[in-house]
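Descriptive structure summary
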Amino acid sequence: MLYFSDLLQYSDVFLSGLKTTVELTVLTTILGVALGTACATIRQYGNRASQRVVSVYVELIRNTPFIVQLFFIFFGLPAIGMMLSPWEASMIALTINLGAYSTEIIRAGLASISKGQIEAAKVLGLNFRQTLTRVIFVPAFEKIYPALTSQCIIVMLGSAVISQISVQDLTYAANLVQSRNFRAFESYLVTALMYLGLSILLRFAFNALGKRLFAYRTAD
Amino acid sequence: MSLVNLHQVHKFYGDHHVLKGIDLDIKAGEVVSIIGKSGSGKSTLLRCINGLEHYQEGGITVDGKEVTTEDIQVRRLALSVGMIFQNFNLFPHMTVGENVMLAPTIVLKKSKAEAETTARAMLEKVGLAEKFDSFPEKLSGGQQQRVAIARALAMSPKVLLCDEITSALDPELVGEVLKVLEQLAKEGITLVLVTHEMNFARDVGSRVVFMHQGKVWEQGDPKTILSNPQTDELKQFMGAVL
Ligand SMILES: Nc1ncnc2c1ncn2[C@@H]1O[C@H](COP(=O)(O)OP(=O)(O)OP(=O)(O)O)[C@@H](O)[C@H]1O
Ligand SMILES: [Mg+2]
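What you are looking at is a predicted structure, and each value in this text was computed from that prediction instead of being measured.

Let us look at the pattern of salt bridges. A full pass over the atoms with the stated rule returns 13 salt bridges over all chains. A salt bridge links Glu 119 of chain A to Lys 115 of chain A; the nearest nitrogen and oxygen atoms lie 3.6 Å apart. With Glu 119 of chain A and Lys 115 of chain A both in helix α5 (residues 115-123) and four residues apart, the pair spans about one turn of that helix. Under the relative-accessibility criterion, Lys 115 of chain A is labelled exposed at 60%. Between Glu 116 of chain B and Arg 120 of chain B there is a salt bridge; the shortest N-O distance is 3.0 Å. With a gap of four residues between them, Glu 116 of chain B and Arg 120 of chain B both fall in helix α4 (residues 112-125), about one helical turn apart.

This next bit is on the site of ligand 1. All names here are of chain B. Neighbouring residues of ligand 1: Tyr 13, His 16, Val 18, Lys 37, Ser 38, Gly 39, Ser 40, Gly 41, Lys 42, Ser 43, Thr 44 and Glu 164. Tyr 13 has a polar side-chain atom sitting 3.4 Å from a nitrogen atom of ligand 1. Taking Ser 43, its side chain carries an N or O atom lying 2.7 Å from an oxygen atom of ligand 1. Starting from 640 Å² of accessible surface for ligand 1 in isolation, the protein chains cover 60%. Of all the elements in the fold, those that place two or more residues in the shell around ligand 1 are β2 (16-27) and α1 (42-49). Among the elements that line the shell around ligand 1, the one with the most residues is α1, at three residues. When the residues that make up the shell around ligand 1 are grouped by side-chain class, the tally is two nonpolar, seven polar and three charged.

What follows covers the UniProt feature "domain: ABC transmembrane type-1" (unreviewed entry) in chain A. Under the UniProt annotation, the feature "domain: ABC transmembrane type-1" (unreviewed entry) is placed at residues 18-206 of chain A. With 82% helix and 0% strand, the stretch residues 18-206 of chain A has end C-alpha atoms that lie 19 Å from each other.

All right, on to the packing of helix α1 (residues 11-45) of chain A against helix α7 (residues 170-181) of chain A then. Two measures define how a pair of helices packs: the angle their axes make with one another and the distance between the axes. Residues and elements named next belong to chain A. Contact pair α1 / α7: the axes reach a minimum separation of 7 Å and the direction vectors enclose 155°. Put simply, α1 runs roughly antiparallel to α7. Each of Val 13, Phe 14, Gly 17, Leu 18 and Thr 21 in α1 lies in contact with α7, whose residues at this interface are Leu 170, Ala 173, Ala 174, Leu 176 and Val 177. Split into classes, the residues belonging to the contact of α1 with α7 amount to eight nonpolar, two polar and no charged.

Another aspect to go through is the environment of Phe 141 of chain A. Residue and element names in this part refer to chain A. Considering the arrangement of structural elements, one finds Phe 141 in helix α6 (residues 128-158). Among the residues examined, Phe 141 registers a relative accessible area of 16% and is labelled buried. The spatial distance from the C-alpha of Phe 141 to the C-alpha of Val 155 is 19 Å, given a sequence separation of 14 residues. Those residues in contact with Phe 141 that lie beyond four places of it in its chain are Val 33, Thr 37, Ile 106, Leu 148 and Phe 214.

This part covers the sheet that holds strand β5 (residues 65-66) of chain B. All names here are of chain B. One open sheet accounts for four strands, arranged β2-β1-β4-β5; its pairing is antiparallel. At either end of the open sheet lies a strand with only one pairing partner, and these are β2 and β5. Sheet topology places strand β4 (residues 57-62) next to β5; two bridges connect them, and they run antiparallel. When the sheet's bridge partners are listed, Thr 61 is paired in β5 with Glu 66.

So, how was this worked out
Residues numbered from 1 in each chain as written. Chains lettered and ligands numbered in written order. Predicted model: local features only at pLDDT ≥ 70, side-chain atom pairs only at ≥ 80, totals over all residues. Heavy atoms only, no water. Salt bridge = Lys/Arg side-chain N within 4 Å of Asp/Glu carboxyl O. Helix = DSSP H or I, 4+ residues; strand = E, 2+ residues; numbered from the N terminus. Buried < 20%, exposed > 50% of the residue type's maximum accessible area, 1.4 Å probe, protein only. Near = heavy atom within 4 Å. Polar contact = N/O pair within 3.5 Å; in protein donor to acceptor, adjacent residues only side chain to side chain. Areas by Shrake-Rupley, 256 points an atom, 1.4 Å probe, with all protein chains shown as cover. Nonpolar A, V, L, I, M, F, W, Y, C, P; charged D, E, K, R; others polar. UniProt positions renumbered as here; feature names shortened; annotations may be inferred. Axes fitted to C-alpha atoms, helices over the stretch in contact; angles between N-to-C directions. Parallel < 35°, antiparallel > 145°, perpendicular 65-115°, else oblique. Contact = heavy atoms within 4.5 Å. Pairing = 2+ DSSP bridges.

Given below as structure tokens:
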């Protein structure tokens, strides 16, 4: 027998976990994509030394497990005097993680912009910052938008790991509830469905944003 | 008075000596057609004039000011040198109007209203006033190239450089772009164009410059030089294009 009704008394726990996951997702998506954009710009247009620094960062993050990155920031950094709350450590770890993956994705978008576009901007007198923001970014992001939004969703789902350092996110709520009422099946099923709902919602949001940003594709 | 002056300009790509001592003097109002075989250095020459390429020796001045590739210089140059490319290079995410208004608003700091007035006037001049709100990809190649011309004109350049601007067009669209150029020439704008359109060079141009192996091989009045080439290389070239 399944007892979903046993979960009802814990609905506050689930909702507060959901809220934490959503908040962290929104924040780290914005910060991570901003970080990735900055790093991709350096990787594509920066000088040799700064390109090297970005490459090291990207490879370091992409070749180590997320949970180790998280533990390093939360348990490791205090050794050098950086005490972070679980929430702060998670925020930083998720941002750095998304930043690294999105660097590679966004860079592919920047690389797709022809030299001619950049030269056209230059001969019109735009400086490089204006060229980036006015001429390069929109078409570059359009190219890689599906890959980038998928990555954001992957990071949102991966954030479940932060329950390991006691951030009271959605997965933490599921663990807590099933440890109280021993309804593991129901707890995790409900939690999985909530993650699924979040993914679908995020995709909708990204699609709506994309339609606005890249309106020129569908204009008549 | 000379508007564009090149003095003994040498340009290398690594070991490859591409421009071998170019001397060229262009006066305001001239329409100079640069012709020559592929690889003779025509594009490189134009790109040196507007600071897109660095050159190693000699000197180039536009309107009396020296040309270098320092970023700030390129931007100042942009105010006096316009350039049109073979592939139009319109910004795909902006409407035609936004393409034309971009540089006047963010480089010349014109107000939006003022920039729009200029943009509409320039689009009118190239016969595309009604396309103000269209996106570039909805236009034909010839129309896109005319927008590119309007975009350059909106910066009121003293000289307009055109690098094979009809070469990417279907043959039936070449005429509309050349007509715009002819109109500009009549209005007295200085044009320097790399072109394969010999009829245009002959009928509209004030001078033809034949480049060969990185040098100005022969130059002069279009009708004279095209009907009576002096060097074997130009004779051969004429034979090949006709
Ligand atoms: N960025 C570059 N790096 C190295 N070599 C180059 C570069 N651009 C041009 N070249 C070389 O310089 C020479 C002159 O090139 P340029 O493009 O000026 O010729 P062109 O006369 O415009 O030819 P075309 O009619 O094919 O456009 C060619 O041999 C070309 O291979
Ligand atoms: Mg060329």
